[in-house]
Amino acid sequence: MVGYDPRANHGSPTPEEAALAGSAGGMVTRALISPFDVIKIRFQLQIERVSSQRREGKYWGIFQASRSIYSEEGLTAFWKGHIPAQLLSICFGAVQFVTFEFLTKMVHKSTPYDSRTPGVHFVCGGLAACSATVACQPLDTLRTRFAAQGEPKVYSNLRYAVSTMWRSEGPVAFYRGLSPTLVAVFPYAGLQFFFYNVFKQLLAPPSKSKDSGGNVRSLICGSGAGMISKTLTYPFDLFKKRLQVAGFEKARAHFGQVRTYTSLIDCAVQIVEEEGIRGCFKGLSPSLLKAALSTGFTFFWYEFFLNVLCNIREKREGQMER
């Protein structure tokens, strides 16, 4: 079970175990879902309508966008920005799960609340994700810019991107879009942990039966939790992406129209006025696919690697006792 559980056979995981399991889970998940992320970002940054009925912009559907990216930029385009994205996933997974395990344990031992309840998981999950977001925001901005650029590339590699952004835009460039990210990440991550907890309890086997299919159940519960939480908080993710590419308009020119936003409120107002309410949900389809796979695999691999590490610890402790 994700989070502190006093009844767990392995006992509470150490911070090192939670960090390693979170990092490994994030790394594997990122490699698998990167293509969906690239397509989602392209949709989010397109000013024109994303619609197969009214084909105004460069991209108007998932399969059309996939074919277009593949034919124009090659197969590797689906992993553009993969290095900063992997660094982001490794860092985010480690900080988020270490903080979550710590917070749920602290709540259970220092307050009258039970750490296994969905409400505790919502609050602790949101706070854990906020901590990870602040720590990893520069990597998220770099990932977005690499995924957003077409050909010819503006940034040839990670080192060049960092130095260019630092010289031309200053350190604040790495934290563009942080405010909508924090506004969105608390309920988004909180709802992920909340619904994952609810689904795990609903699908838990009877207490007397043998617990089989635990890993598959984690994947299913995580996928459901990811889709619900993503739908409810999606506009903030789109606002964040638009703000992160501010000052990057030259690389976006051949994709279609570009806009400049001065703040989160200005971004939201301009999008609603020019693109309508539906504009706030551009890229939702690939995003839901990504959220289902990403959240499902994140919890799946976290529990998998955590069980492996806990089993190794138990064997070592057993050998030492002998």
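The chain carries the name Mitochondrial thiamine pyrophosphate carrier in an unreviewed UniProt entry, which gives Poecilia latipinna as its organism. The record held by UniProt for the chain lists under Catalytic activity (unreviewed entry) the comment "thiamine phosphate(out) + thiamine diphosphate(in) = thiamine phosphate(in) + thiamine diphosphate(out)". What UniProt records for the chain under Sequence similarities (unreviewed entry) is the sentence "Belongs to the mitochondrial carrier (TC 2.A.29) family."

**Q** How do you make sense of the environment of Val 2 when you look at a structure like this?
**A** As for its position among the elements, Val 2 is in the segment before helix 1 (15-45). Counting along the chain gives 173 residues from Val 2 to Tyr 175, while the straight-line C-alpha distance between them is 30 Å. What Val 2 contacts, discounting residues up to four positions off in sequence, is Phe 97, Phe 100, Glu 101, His 121, Phe 193, Tyr 196, Phe 299, Tyr 302 and Glu 303.

**Q** Even after reading the chapter, I still don't get the pattern of salt bridges, so can you show me in this structure?
**A** A pair can form between side chains of opposite charge whenever their charged atoms are brought close. If you walk through the whole model with that rule in mind, you get 17 salt bridges. Its salt-bridge partner being Glu 303, residue Lys 200 comes within 3.6 Å of it at the nearest N-O pair. With Lys 200 in helix 6 (residues 178-202) and Glu 303 in helix 10 (residues 284-321), the pair connects residues that are 103 residues apart, well separated along the chain. Accessibility expressed as a relative area gives 9% for Glu 303, which makes it buried. In the salt-bridge network here, residues are joined through shared partners; they are Arg 30, Asp 37, Lys 40, Asp 140, Lys 230, Asp 237, Lys 240, Lys 241 and Lys 290.

**Q** Whenever I open this one, the UniProt feature "transmembrane region" (unreviewed entry) in the chain confuses me. Can you help?
**A** If you check UniProt for "transmembrane region" (unreviewed entry), the listed places come out as residues 291-312 in our numbering. Here residues 291-312 runs as 100% helix and 0% strand, with 31 Å between its end C-alpha atoms.

**Q** Where do I start with the packing of helix 1 against helix 2 (residues 62-73) in this structure?
**A** Between two packed helices, the angle of one axis relative to the other and the distance separating the axes together describe the packing. In the contact formed by helix 1 and helix 2, the axes pass within 10 Å of each other and the chain directions differ by 105 degrees. One way to sum up the angle between helix 1 and helix 2 is to call them roughly perpendicular. Seen from helix 1, the contacting residues are Val 38, Ile 39, Arg 42 and Phe 43; seen from helix 2, they are Ile 62, Ala 65, Ser 66, Ile 69 and Glu 73.

**Q** How should the side chain of Arg 42 be read in this particular structure?
**A** Note on placement: Arg 42 falls in helix 1. Exposure remark for Arg 42: the relative accessible area of 1% places this residue in the buried category. Within the local environment of Arg 42, its side chain forms a polar contact with the side chain of Glu 73, the two groups lying 3.0 Å apart.

**Q** How do you make sense of the state of the cysteines when you look at a structure like this?
**A** Cysteine pairs can be linked by a disulfide, which is a covalent bond between their two sulfur atoms. Counted according to the given criterion, the structure contains zero disulfides. Here Cys 221 stays unpaired: no disulfide links it, and the sulfur of Cys 124, its closest cysteine neighbor, is 19 Å away.

**Q** For this particular structure, what's the right way to read the packing of helix 4 (residues 118-148) against helix 6?
**A** In the contact formed by helix 4 and helix 6, the axes pass within 7 Å of each other and the chain directions differ by 140 degrees. Judged by the inter-axis angle, helix 4 sits oblique to helix 6. Crossing hand, helix 4 versus helix 6: right-handed. The class makeup of the residues in the contact of helix 4 with helix 6 is 17 nonpolar, ten polar and no charged.

**Q** Mind showing me how you'd approach the packing of aromatic side chains here?
**A** The full count for this structure, using the stated rule, is 17 aromatic pairs. Summarising the aromatic geometry, the rings of Phe 194 and Phe 195 are spaced 5.2 Å apart at their centres and angled 90 degrees between planes, so their arrangement reads as edge-to-face. Judged by relative accessible area, which is 26%, Phe 194 ranks as partly exposed. Three or more aromatic residues link up through ring pairs in this structure, and these residues are Phe 97, Phe 100, Phe 193, Tyr 196, Phe 299 and Tyr 302. Positioned over the ring face of Tyr 188 is Lys 230, at 4.6 Å from the centre of the ring.

**Q** How should the nonpolar core be read in this particular structure?
**A** One recurring pattern in soluble globular proteins is that nonpolar side chains are buried together. By size, the foremost hydrophobic cluster in this structure holds 20 residues, and its most contacted members are Val 2 and Tyr 302. Counting residues per element, the ones that place at least two in this core are helix 1, helix 3 (82-110), helix 4, helix 6, helix 7 (214-244) and helix 10. With sequence-adjacent residues up to four places away left out, Tyr 302 is seen in contact with Val 2, Ala 18, Ala 21, Gly 22, Gly 25, Phe 97, Glu 101 and Phe 297. In this structure, Val 38, Phe 43, Leu 45 and Ile 69 belong to the second largest nonpolar core, which totals 13 residues.

Reading the values: rules and limits
Residues numbered from 1 in each chain as written. Predicted model: local features only at pLDDT ≥ 70, side-chain atom pairs only at ≥ 80, totals over all residues. Heavy atoms only, no water. UniProt positions renumbered as here; feature names shortened; annotations may be inferred. Helix = DSSP H or I, 4+ residues; strand = E, 2+ residues; numbered from the N terminus. Contact = heavy atoms within 4.5 Å. Salt bridge = Lys/Arg side-chain N within 4 Å of Asp/Glu carboxyl O. Buried < 20%, exposed > 50% of the residue type's maximum accessible area, 1.4 Å probe, protein only. Axes fitted to C-alpha atoms, helices over the stretch in contact; angles between N-to-C directions. Parallel < 35°, antiparallel > 145°, perpendicular 65-115°, else oblique. Polar contact = N/O pair within 3.5 Å; in protein donor to acceptor, adjacent residues only side chain to side chain. Disulfide = S-S within 2.5 Å. Left-handed = near helix turned anticlockwise from the far one by under 90°. Nonpolar A, V, L, I, M, F, W, Y, C, P; charged D, E, K, R; others polar. Phe/Tyr/Trp six-rings, centres within 6.5 Å; stacked < 30°, edge-to-face > 60°. Lys NZ or Arg CZ within 6 Å of the ring centre and 35° of its normal. Core = buried A, V, L, I, M, F, W, Y, C linked by side-chain atoms within 4.5 Å.

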